[in-house]
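Remarks on the overall topology
Residues per chain, in single letters:
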Amino acid sequence: MILEGLVLINKTKDVTSRHVINNLNHIFNMKRIGHTGTLDPLATGVLVVCFGKYTKLVDLITSLDKEYIASVKLGIKTDTGDITGNIISKKEYSHITKEDIINVLNSFIGKSKQTVPSYSAVRIDGMKLYEYARENIKIDLPVRDITINSIELLTFSLDTFTFKVNVSKGTYIRSLIEDIASKLNTVGTMNNLIRTKQGKFNIEDSFTIEDIKNNNFNLLTVKDIFDYPIIDMNEELYFSIKNGKQIKNIFNIKSKVIFTYENTAIAIYESFNDLLKIDIML
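Residues numbered from 1 in each chain as written. Predicted model: local features only at pLDDT ≥ 70, side-chain atom pairs only at ≥ 80, totals over all residues. Heavy atoms only, no water.

1. Overview of the nonpolar core
Put simply, the test is: Throughout this description, the term nonpolar core refers to a set of buried Ala, Val, Leu, Ile, Met, Phe, Trp, Tyr and Cys residues connected via side-chain atoms within 4.5 Å. Working definition: with a 1.4 Å probe on protein chains only, accessible area under 20% of the residue-type maximum means buried, over 50% means exposed, and in between means partly exposed. Runs of H or I in DSSP of at least four residues are treated as helices and runs of E of at least two as strands, each being numbered from the N terminus. Note on contacts: a residue pair is in contact if any heavy atoms of the two residues lie within 4.5 Å.
Residues Ile148, Phe161, Phe163, Val165, Ile173, Leu176 and Ile180 are the most contacted members of the largest nonpolar core, which totals 27 residues. Going through the elements one at a time, strand E4 (66–74), helix H3 (98–107), strand E10 (143–157), strand E11 (160–167), helix H5 (173–183) and strand E12 (188–198) are the ones with two or more residues in this core. Once residues lying within four places of it in the same chain are set aside, the contact partners of Phe161 are Ala70, Ser71, Val72, Leu74, Ile101, Leu153, Thr155, Phe156, Ile180 and Leu184. Val46, Leu220, Ile225 and Ile280 belong to the second-largest nonpolar core, a separate cluster that totals 20 residues.

Listed below in structure tokens is the structure:
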């Protein structure tokens, strides 16, 4: 079966995002499949997967904001930033109150800088950071600009708490948790993580690999993904669009538009002054 579109996968724990793609390669006997934002093996939840020509949308969808529910264990810090790692330090935490946590969480709302964790797939000089970490090679970790759109404490008891957070692309929740713990004058590590949303895609609408094997899933097309106007073209305009030509913005498009031909999405164009220019050819 050859698919063209998006499928929302609900990734299970203890498998990599790459393993999910390998499973899908096998199920559908096709190689042109890509995901739009790695989830750690510990993490579960929404993994947006692109099939066929929709892999051209990977970068665009990866850039969408993401929502998580994270669980924190206080008093310990690990080398990986999560509970699966080796404990590298311990610190007292018993004095922390619910109000302390709420105040610290709120202090992270907005733009800030974050250090990428050493156990991550970011490449430096051709090697992934986790490869350096496994070889005990010291390297300056990159720093990124991130945005925390919202953050909310959900539960708090003894040495653990959970919070919900909406973040920009490139935000590492493991690093955020370590920064939160530091502001609480202790250490902490990620105990669990669920990605509940990416852009407009919700965990409630996602499917497990077992669902996929049983042919129980929804295939989303470009019309389901974006809230752009849709224009079905005549044959003359189709050949212009298919060749990637700029066209006059006679449709009064303010941002972007999806052009279709015979009800098949062909391209996304973007307005530029009085012209429409190609954004993505499907």
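There's plenty left to go through after this.
2. Points about the pairing of E12
Test applied: In this scheme, strands are said to pair when DSSP sees at least two bridges between them.
Sheet topology note: the strand E3 (residues 44–51)/E12 ladder contains two bridges and is parallel. Note on E12: the bridge partner recorded for Gly45 is Arg195. Here E12 runs beside strand E13 (residues 201–202); their pairing, made up of two bridges, is antiparallel. Paired with Lys197 across the bridge in E13 is Asn202.

3. So, the pattern of salt bridges
Note the threshold: By definition here, a salt bridge exists when the distance from a side-chain nitrogen of Lys or Arg to a carboxyl oxygen of Asp or Glu is within 4 Å.
What the rule picks out here adds up to six salt bridges. With a shortest N-O distance of 2.6 Å, Lys73 and Asp159 are connected by a salt bridge. With Lys73 in strand E4 and Asp159 in the loop between E10 and E11, the pair connects residues that are 86 residues apart, well separated along the chain. A relative accessible area of 24% places Lys73 in the partly exposed class. Relative accessible area serves as the criterion here: at 18%, Asp159 is assigned to the buried category.

4. With respect to the packing of aromatic side chains
We describe a pair of aromatic rings using the distance from one ring centre to the other and the angle between the two ring planes. Definition in use: Centre distance within 6.5 Å is the pairing criterion for rings of Phe, Tyr and Trp, where only the six-membered ring of Trp is used; planes under 30 degrees apart are then read as stacked, over 60 as edge-to-face, and the remainder as tilted.
All chains considered together, the criterion is met by eight aromatic pairs. Ring centres of Phe28 and Phe51 lie 5.5 Å apart, and the angle between their planes is 85°; this geometry places the pair in the edge-to-face category. Highlighted residues: Phe28 in helix H1 (residues 17–28) and Phe51 in strand E3, separated in sequence by 23 residues. Grouping residues by exposure puts Phe28 and Phe51 together as buried. Where Phe226 meets Tyr228, the ring centres are 5.0 Å apart and the plane angle is 5°; that geometry is what we call stacked. For Phe226, a relative accessible area of 10% corresponds to the buried category. Ring-pair connections join several aromatic residues into one group, and the members of that group are Phe28, Phe51 and Phe217.

5. A few points about the side chain of Arg195
Heads up, the rule is: The charge count includes Lys and Arg as positive and Asp and Glu as negative, but it does not include His or the ends of the chains. Definition of a polar contact: a pair of N or O atoms within 3.5 Å, with one able to donate and the other able to accept a hydrogen when the atoms are protein atoms, and with sequence-neighbouring residues admitted only if both atoms are side-chain atoms.
Mapped onto the secondary structure, Arg195 falls in strand E12. For the buried Arg195, no salt bridge exists, and the shortest N-O distance to an oppositely charged side chain is 8.2 Å, to Asp40. A distance of 3.2 Å separates a polar atom in the side chain of Arg195 from the backbone oxygen of Gly37. A polar contact of 3.3 Å, which involves the side chain of Arg195, links it to the side chain of Tyr68.

6. Here we look at the environment of His35
Within the secondary structure, His35 sits in strand E2 (residues 33–35). Classification of His35 as partly exposed rests on a relative accessible area of 22%. For His35 and Pro142, which are 107 residues apart along the polypeptide, the C-alpha to C-alpha distance reads 23 Å. Apart from residues lying up to four places away in sequence, His35 is in contact with Ser17, Ile21, Leu47, Val48, Val49 and Val58.

7. Details of the sheet that holds strand E15 (residues 247–248)
Taking strand neighbours across the sheet as the criterion, the five strands line up as E14-E16-E17-E18-E15 in an open arrangement whose pairing is mixed. Each edge of the open sheet is held by one strand with a lone partner, namely strand E14 (230–232) and E15. For E15 and strand E18 (residues 275–281), the ladder comprises two bridges, and the chain directions are antiparallel. Looking across to E18, one finds that Ile247 is bridged to Leu276.

8. With respect to H1
Rules: In this analysis, the expected span of each helix is defined as 1.5 Å times one less than the number of residues it contains. The arc in question is the one traced by the directions running from the helix axis out to the C-beta atoms.
Taking 1.5 Å of rise per residue, the 12 residues of H1 would be expected to cover 16 Å, and the 17 Å separating its terminal C-alpha atoms lies within 8% of that figure. Turning to H1, its buried residues number three or more, namely Ser17, Val20, Ile21, Leu24, Asn25 and Phe28. Summarising the axial view, the buried residues of H1 lie within an arc of 140°, below the 170-degree limit, and thus occupy one face. At the C-terminal side of H1, Asn29 shows a positive phi close to 55°.

9. Some points on H3
Of the residues making up H3, those classed as buried are Ile101, Val104 and Leu105. Each buried residue of H3 sits inside an arc of 100° when the element is viewed along its axis, so together they form one side. Exposed and oriented more than 90 degrees from the buried face of H3 are Glu99 and Asn103. Where H3 is buried, its residues contact E10, E11 and H5.

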